[in-house]
Amino acid sequence: MPVSIRLVDSLEAVEHFRVLEHLIWGEPLAATIPAHVIVTVIHNGGGLLAAYADDGPAETGGMVGLTYWWPGLSVPTTTAEGRVVKANPPGAQASSPAPLRLKMCSHMAGVLPAWQGTGLGLRLKLAQRAAILEQGMSDWVTWTYDPLLRTNGAFNLHRLGAICNTYHVNLYGELPDELNAGIPSDRCQVDWWLTSGRVEECSQERPVGTTRQAQIPAPSDAQVLSGTWDNRGFLTPPALLPKTTGVALALPVPDDIYTIRAVDYGLGHAWRLWMREALQTTFAAGYLLTDCVRHADGQWRYLLT
């Protein structure tokens, strides 16, 4: 059925937003963002977009998807042209601190399971892009995601055109929701440069299920690491870490970490530790995470340049 997207600006809709947050992520309703915080954000430069369907849940007022943001300050580590902002080289004298820049912090974006796979998540993020550009305060948006969630990696990097060279270890501590309980909350922080060429390309209208052309490097042009399939059909991490020699990298990522964690917590944790060291090492060497694609061998991989 038709789905409309509009800004939330009423107390009733704020309460519907909190119920929707509870339904999507599974945390207790009391643990969702308090209404007074949401209202304060809305009235002070932030925003909340919601998607409504005629057949959406009654307890959410028909709300089936959401995205939420507010202004923040940070020092960019990438540029809109897709380059890494270099820190002081080893042994060099520290220069004066880089100036802070205004950005938008996109804290959450989600869709109820029944509406997933319909392109609604992409519509919400592109509506968020349009709303932030209309605000006129910044063309830079950041948010975090678990790098072991392959679907989120592909969505953020490939479908939206975000880039990343920032890794946070256990950023939020242990989270109370059903999807993250008991797992170190390591996160990648992406940069979404709203007026960059790659984001402009991703923002073009396409049929549902299609995206921009994947640029998959051949093994002769890149260091391609592979996981190993065990007898249960689970992908295990490579035995080695990537070598930071300057060539492009392709690093494996499991297709469904939730299933792996549910069946074998130890394997899920092994993936956490491997991905943590692999991305921290490559980011420190000046690499930039630019894409998440599926190779011909069936393995999904992150691409770094």
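The structure contained in this document is the topic of the report that follows. From a predicted model like this one, the values you see are computed outputs, not experimental measurements. Residue numbers restart at each chain and count upward from 1, following the sequence in its written direction. Totals for whole chains, interfaces and linings use all residues, but because this is a predicted model, local features are given only for residues with pLDDT of at least 70 and pairs of side-chain atoms are given and counted only at 80 or more. Values reported for side chains reflect all heavy atoms of the structure, with hydrogen atoms and water molecules removed beforehand.

Below, the discussion takes up the overall build of the chain. Along the chain, the regular secondary structure elements total seven helices and 13 strands. Out of the 305 residues in the chain, the part that is buried amounts to 49%. Of the contacts made within the chain by residues no fewer than 6 positions apart, 72% connect residues no fewer than 24 positions apart. Methods summary: accessible areas were calculated by the Shrake-Rupley approach with a probe of 1.4 Å, and residue burial reflects only the protein chains presented. Total accessible area on the chain is roughly 14,500 Å²; 55% of this is exposed by carbon and sulfur atoms. Here a helix means four or more residues in a row that DSSP labels H or I, a strand means two or more in a row labelled E, and each is numbered from the N terminus. The buried label goes to any residue with under 20% of its type's maximum accessible area, the exposed label to any with over 50%, and the partly exposed label to all in between, with areas taken from a 1.4 Å probe on protein chains only. Note on contacts: a residue pair qualifies if any of its non-hydrogen atoms lie within 4.5 Å across the two residues.

Here we come to a nonpolar patch on the surface. Residues enter patches when they are more than 30% accessible in relative terms and free of salt bridges; like-charged ones are connected within 9 Å and nonpolar ones (Val, Leu, Ile, Met, Phe, Trp, Tyr) within 5 Å. By definition here, a salt bridge exists when the distance from a side-chain nitrogen of Lys or Arg to a carboxyl oxygen of Asp or Glu is within 4 Å. A contiguous nonpolar patch, built from Leu73, Val75, Leu100, Leu102 and Met137 and spanning about 440 Å² of accessible area, is present on the exposed surface. Residue placement: Met137 occurs in the loop between α3 (120-135) and β5 (140-145).

A separate point is the pairing of strand β7 (residues 187-193). Burial analysis of β7 places seven of its seven residues in the buried class, the great majority of the element. Side chains of β7 alternate between two faces, with Arg187, Gln189, Asp191 and Trp193 and Cys188, Val190 and Trp192 buried alike. When DSSP locates at least two bridges between a pair of strands, those strands are taken to pair. Pairing analysis gives six bridges linking β5 to β7, with the strands arranged antiparallel. Across the sheet, the residue bridging to Tyr145 is Cys188, located in β7. Across five bridges, strand β6 (residues 163-168) lies against β7 in antiparallel orientation. Pairing of Thr166 across the sheet is with Gln189, part of β7.

The next subject is the packing of helix α1 (residues 11-25) against helix α2 (residues 35-42). Across the interface, α1 lies against α2 with an axial gap of 10 Å and an inter-helix angle of 120°. Relative to α2, α1 is oriented oblique. Considering how the two elements wind past one another, α1 and α2 form a crossing that is right-handed. For the pair α1 and α2, contact is made by Leu11, Val14, Glu15, Phe17 and Arg18 and by Ala35, Ile38, Val39 and Ile42, respectively. Residues of the contact of α1 with α2, tallied by class, amount to seven nonpolar, no polar and two charged. Simply put, an axis is a line fit to the C-alpha atoms, just over the touching stretch for a helix, and the angle between two N-to-C directions goes from 0 to 180 degrees. Angles are sorted into four bins: roughly parallel if under 35 degrees, roughly antiparallel if over 145, roughly perpendicular if 65 to 115, and oblique for all others. A clockwise turn of the near helix away from the far one marks a right-handed crossing, whereas an anticlockwise turn of less than a right angle marks a left-handed crossing. Classes in brief: Ala, Val, Leu, Ile, Met, Phe, Trp, Tyr, Cys and Pro nonpolar; Asp, Glu, Lys and Arg charged; the others, Gly included, polar.

Between 30 and 60 degrees the pair is tilted, below 30 it is stacked and above 60 it is edge-to-face, where a pair is any two Phe, Tyr or Trp rings, Trp via its six-membered ring, whose centres lie within 6.5 Å. For the structure on display, the rule yields five aromatic pairs. With 5.5 Å between their ring centres and 70° between their planes, Tyr68 and Trp70 make a pair best called edge-to-face. Residue classification places Tyr68 among the buried residues on the basis of a relative accessible area of 1%. Taken together, a centroid distance of 5.9 Å and an interplanar angle of 85° make the contact between Trp271 and Trp274 edge-to-face. Within this pair, Trp271 and its partner Trp274 are both found in helix α7 (residues 265-284), separated by three residues, close to a single helical turn. Taking the relative accessible area as the measure of exposure, Trp271 reaches 0% and is therefore buried. Residue class for Trp274 comes out buried when judged on its relative accessible area of 9%. Feature note: the residues Phe17, Tyr68 and Trp70 constitute an aromatic cluster, connected by ring pairs. Geometry around Tyr52 places Arg6 over its ring, the cationic atom sitting 3.7 Å from the centre. Consider the ring centre and the ring normal. A charge sits over the ring if Lys NZ or Arg CZ is within 6 Å of that centre and within 35 degrees of that normal. Looking at Arg150, its charged tip hangs above the ring of Trp300, at a distance of 4.0 Å from the centre.

This brings us to the nonpolar core. Ranked by internal contacts, the top residues of the largest apolar core, which has 43 residues, are Trp271, Tyr302 and Leu304. With seven residues, the top contributor of residues to this core is α7. Aside from chain neighbours lying at most four places away, what touches Trp271 is Leu148, Leu235, Thr236, Pro237, Pro238, Pro252, Val253, Pro254, Ile257 and Ile260. What makes a nonpolar core is a set of buried Ala, Val, Leu, Ile, Met, Phe, Trp, Tyr and Cys residues whose side-chain atoms join them at distances within 4.5 Å. Ala13, Leu20, Ala51 and Tyr52 belong to the second largest nonpolar core, which has 27 residues in total.

Put simply, the grid is 1 Å and covers the protein atoms alone, a cavity is a trapped set of points that fit a 1.4 Å probe, a pocket is an open set with protein on both sides within 12 Å along at least five of seven lines, and lining residues have an atom within 4 Å of a point. Grid points are joined across faces, edges and corners, and a volume is the space filled by probe spheres set on the points. In the structure shown here, the tally under the stated rule is one cavity of 30 Å³ or more. In this structure, the largest cavity spans a volume of roughly 40 Å³. Forming the boundary of the largest cavity are Ile183, Pro184, Arg261, Tyr265, Gly268, His269 and Arg272. Residue contributions to the lining of the largest cavity peak at four residues, all from α7. Looking at the lining of the largest cavity residue by residue, the classes come out as three nonpolar, two polar and two charged.

We now examine α7. In an α-helix there are 3.6 residues to a turn, and that puts residues three or four apart on one side. Take the residue count of a helix, subtract one, and multiply by 1.5 Å to get its expected span. Taking 1.5 Å per residue, 20 residues should reach 28 Å; α7 reaches 28 Å between its end C-alpha atoms and fits that length. By the burial criterion, the buried members of α7 are Leu267, Gly268, Trp271, Arg272, Trp274, Met275, Arg276, Ala278, Leu279, Thr282 and Phe283. In the analysis that follows, any N or O atom pair within 3.5 Å is treated as a polar contact, provided that within protein one partner can donate a hydrogen and the other can accept it, and provided that, for residues neighboring in sequence, both atoms belong to side chains. Residue Asp264 occupies the N-cap position of α7, its side-chain oxygen lying 3.1 Å from the main-chain nitrogen of Gly266. Downstream of α7 by one or two residues, Gly286 has phi in the positive range, about 95°.

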